[in-house]
Structures are given as C-alpha cells and as structure tokens.
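Understanding the architecture of this molecule
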Amino acid sequence: MRQEIEDYVRSLGLDAYLVGGAVRDELLELDSKDADFLVPGLDTEGLRAALAPHGRVEDLVVADRLVGVRLHPRDRRIRELTPAGIEFAPPRKEVSTGPGRHDFEIVADASLSVEDDMRRRDFTVNAMARRLETGELVDPLHGRRDLERRVLRTVSPMSFAEDPLRIVRALRFVSQLGFEPDGELLAQMREEAPAVKLVSGERIGGGLAADGMGELSKLLLGAEPARALRLARDTGVLVELLPEFGPAIGFDQESRYHDLTVDEHTFAVVQAAADAGFSLPVRLGALFHDLGKPHAAWRGRDGRLHYYAKPGFAERGHDQVGAELATGALLRLRYPNALRRRVVRIVRRHMFQPGKGDALRARRFLRRNGDELAFDLIDHKHADLLGKRGSAGEPPPWDEIDALARFRGVVEQERSSPHRLGDLVVDGNDLIELGFEPGRQLGRVLNDLVDAVVEEPALNTRDRLLARAKERL
C-alpha cells in the first residue's frame, strides 16, 4: 500500500522525502501505517499551491501548531488507500521567543536542508529520511546505527522540553520496539518528568493520531509494557502521568495471597495481559484494578490487611475505589466514553469468583455482565492470577487458573442459552397485546422474564412466558 502512495507522491513532481517512523519501521522490516513526507525548498504556502491541483488541501495542526498540510487526492484509488489523506511538511526550525529554555517556537523555513530538519526531531531513530527520487538515506545523527543496537537517544538535550509528550513516546518505544534508553535520555526524562502534566489528555490517552490511540494506549499494547512502566516509575514519570499510582508505589499488601507490592503486582498483571494478547480494555483494567488498595486497606484480627468493604472498617472495597480512580484518570486523559465505561466496569467487577463453574453460575454471569464484558472479566482474572507470582519466584496459583479455564469453557457453552432481552421468544409488543401499557412496568416485567429463563432455560417458550407475565397484570 505504501509503495503505491510513494509512487503517487513521486508523480506530483515534488522533491519529497519519506521521513520519521515510516523509515524507522522500514529498516526494522516492520509494517508501518505512517507515510509522512518532507518537501525541502517550499514553505507551507508553497506546499498548498503545489498540491492544490491534485486535490483538497487542508492545514495540518498538532498541539495548536501549524506543521504542514494534508492532501486529500482526487485520485480515487489513492484516496481509498489513505482515507485520512497524505501529510506533507516543509523543513522546520526552532526560533527563540524568550529567555527561558521553554521559550521557543517551531517555524517553517523553506531554506533549511533535510539534515537541518532531522536535527529538530525527537529521537535519532526517527531522524532519518529517504529521498523518493533516488532512494538515498539521509541519516545525520546515526539513527540507523542506534536502530541496529536498539538504543534510544534523543536528538538534543531540548527534545523533551520542546514537547513533553516525547517522554511518554520514549516509554512506548521501550514497550513496543524493545529499545533501551541511553543514560542521557534517562537523565532528561527525570528532569522533565513534571512537564508531562502539561500535555493534553487527548495526546496521551484518548488519541489524536490517525489510528485513534494516544501514547499510553500504544505503550500498553506493546510487547513489554511492564518494563516501560517500571522505567516510568523509576524516573518519576508515572506519578506525573497517573497521580493515582502514587500511594500504590511500594505499598506492601501484607496478604497471604500477594507477596508483591501493589505496583509490582500491577506491572506483572499488565505484562501477563500483554503476553496473552488481551484487548486494550483488559490491559487498561489491569493498570487500574488494584490502585484502590492503599485507600481501602484495613487491618483485621488476623493482623493482616484486607481490602474489601466491611461495616465499621471500610465503607468501600478496593474494587469500588479503584473504579472511581480509573474514572477520574480516563476522563482526564480523554478516553472515549464507551472505552472508559468498559474499563471501569472491569475494575469494579474484577473480584468475581467462578465458584464451581456450573452452567447456572455461567448464565448468571453472562446476564449480569453481557457477553463482551463477561469475557473481558475472565481475561482480566486470568492475567490477575498470573500476576500473583511471588517475589521469591513462587509459581502462580495454577489450581485457580485451571478452575477459571473450566469456567470460561462453561460460559462459552452457555452463550447460546437465553440471558438477554433479545433471547426471549416474546417481546414488548406481545406484552402490550396481553394488556400491559408501554412504560417502566413493561420493562421490569421483560427483565424479570429474562431472569426467570436464566434460572430455568426451559421456561423460554411463548405460552409459559405469557402465562408468567399475565400474573403481573
């Protein structure tokens, strides 16, 4: 797909260069959705004029900065390949706007070389360009060498000061691409950690990127999120990014079920979810699921800490407190409402027990949670159990993991049993014909009928359900 886009851009008569993540991923032999182009010798107005004959041109704005233009080609085939359009940018440079180290602006300058533009990017592995016309690689900061060594270096001491989001992006590259930050990058990360609070929530969580995901989501979806999260904790970035984590760091659970501190257990659960390939909602749920423990903890007569609600000791359990913390964090990071609600439900309900895993329990579980959330909860429980490995290297509770696997199998089987309104053989119109008025009572009766067939699926016949409903008239 990208080759077709490159061929199209080459046909426009511009001396364009493929830049950034696309070049990096190409050298790593990875598929890349990026296809951003740098065009030296033109400023933004020049780009608009050069591209206008080929389609609709709009300004490309990131973090309130005009960084280039986006072309929506007239060519239908290319438009289908890249619905979001093709991004073009002129070379840019930093211009001081005051005496402070944060007082500068990034401006376009058509007279700059490609090498000059590379020197103001974030990391050396992203500071490479490939000229479309000749295939020449422009690599003034030895990004290819760093790529081969899997070393992550900033382009300059001002990289994080210029854009603190790059701090989270560095952590994402640790998780996603297995890079090892060099010492200078770590020092910059520690120094600039407080600036993470200045980054808009959309850029960190909710996502302004074309794929709809911010840097935190990409970090969690990487292969090594635990390593990135530990690095974030140790550099002070984690509590700036998620202050909800503060009380959890180093918190000793004093539990016979957990030998790990809350933060280390959390990282282990997130990693287990990643290793199993679980969804983003499950990984986000893993990130927040136990953060309520330091707030809800109370000491029992056994001398140990406990985290469930108990009158006279704790009004709320850690699951409820954790759900509230997750709500606040996900709202602040501007995650989409549907995703936020799903994650919060995982956190709030993660303490379920599969019990004997019988069919009735499985149907009740599906009825309460719905199919999607039910399997999210099972996935989370699986990762949570794997995250109970002790610090001395004890194995996870395999007996509980095996019991959960059996429960998952029963839940799968019972998905075909009636447990939703749509599974009933009667509907609201049938009840209206029976004499019910539209409204809340009709809804309550329908839900009661669902509860009844969950308990006894054989009740789901028209005659038996209408007879049961008639008793409520």
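See the structure shown above.
Regarding the side chain of His350
Relative to the assigned elements, His350 resides in the loop between helix H18 (337–349) and helix H19 (359–386). Within polar-contact distance, the side chain of His350 engages the side chain of His318 at 3.3 Å. Among the polar contacts listed, one links the side chain of His350 to the backbone oxygen of Val347, at a separation of 2.6 Å.

Here's the deal with the packing of H18 against H19
One can describe the packing of H18 onto H19 by two numbers: an axis separation of 10 Å at closest approach and a directional angle of 65°. One element, H18, and the other, H19, form an angle in the roughly perpendicular class. Our pair here, H18 against H19, has a crossing hand that is right-handed. Contacts from Arg342, Arg345, Ile346 and Arg349 in H18 reach Arg368, Asn369, Glu372, Leu373, Asp376, Leu377 and His380 in H19. Of the residues belonging to the contact of H18 with H19, the class tally is three nonpolar, two polar and six charged.

Thoughts on the pairing of strand E5 (residues 86–89)
Here strand E2 (residues 36–38) pairs with E5 via three bridges, running parallel. Bridging from a neighbouring strand, Phe37 pairs with Phe88 of E5. Two strands pair when backbone bridges link them, and strand E4 (residues 65–73) and E5 are joined in this way by three bridges, in the antiparallel orientation. Directly across from Leu71, in E5, lies its bridge partner Ile86.

Considerations on helix H23 (residues 462–470)
All of the buried residues along H23 are Leu465, Leu466 and Ala469. Along the axis of H23, the buried residues cluster in a sector spanning 95°; they form a single face. Every exposed residue of H23 that faces more than 90 degrees away from the buried side is listed here: Asp463 and Lys470. Residues of H23 that are buried sit in contact with helix H21 (428–434) and helix H22 (440–455).

So, the packing of aromatic side chains
The way to describe two aromatic rings as a pair is by their centre distance and the angle between their planes. All chains considered together, the criterion is met by ten aromatic pairs. On the numbers, 4.8 Å between centres and 40° between planes, the contact of Phe352 with Phe365 is tilted. Of this pair, Phe352 sits in the loop between H18 and H19 while Phe365 sits in helix H19, and the two are 13 residues apart along the sequence. For the residue pair Phe352 and Phe365, the accessibility class agrees, reading buried in each case. Over the ring of Tyr307 we find Lys293, and its NZ or CZ is 5.0 Å from the ring centre. One residue, Lys381, lies across the ring of Phe352, its end atom 5.0 Å from the ring centre.

Definitions and limits used
- Residues numbered from 1 in each chain as written.
- Predicted model: local features only at pLDDT ≥ 70, side-chain atom pairs only at ≥ 80, totals over all residues.
- Heavy atoms only, no water.
- Helix = DSSP H or I, 4+ residues; strand = E, 2+ residues; numbered from the N terminus.
- Polar contact = N/O pair within 3.5 Å; in protein donor to acceptor, adjacent residues only side chain to side chain.
- Axes fitted to C-alpha atoms, helices over the stretch in contact; angles between N-to-C directions.
- Parallel < 35°, antiparallel > 145°, perpendicular 65-115°, else oblique.
- Left-handed = near helix turned anticlockwise from the far one by under 90°.
- Contact = heavy atoms within 4.5 Å.
- Nonpolar A, V, L, I, M, F, W, Y, C, P; charged D, E, K, R; others polar.
- Pairing = 2+ DSSP bridges.
- Buried < 20%, exposed > 50% of the residue type's maximum accessible area, 1.4 Å probe, protein only.
- Arc of directions from axis to C-beta.
- Phe/Tyr/Trp six-rings, centres within 6.5 Å; stacked < 30°, edge-to-face > 60°.
- Lys NZ or Arg CZ within 6 Å of the ring centre and 35° of its normal.

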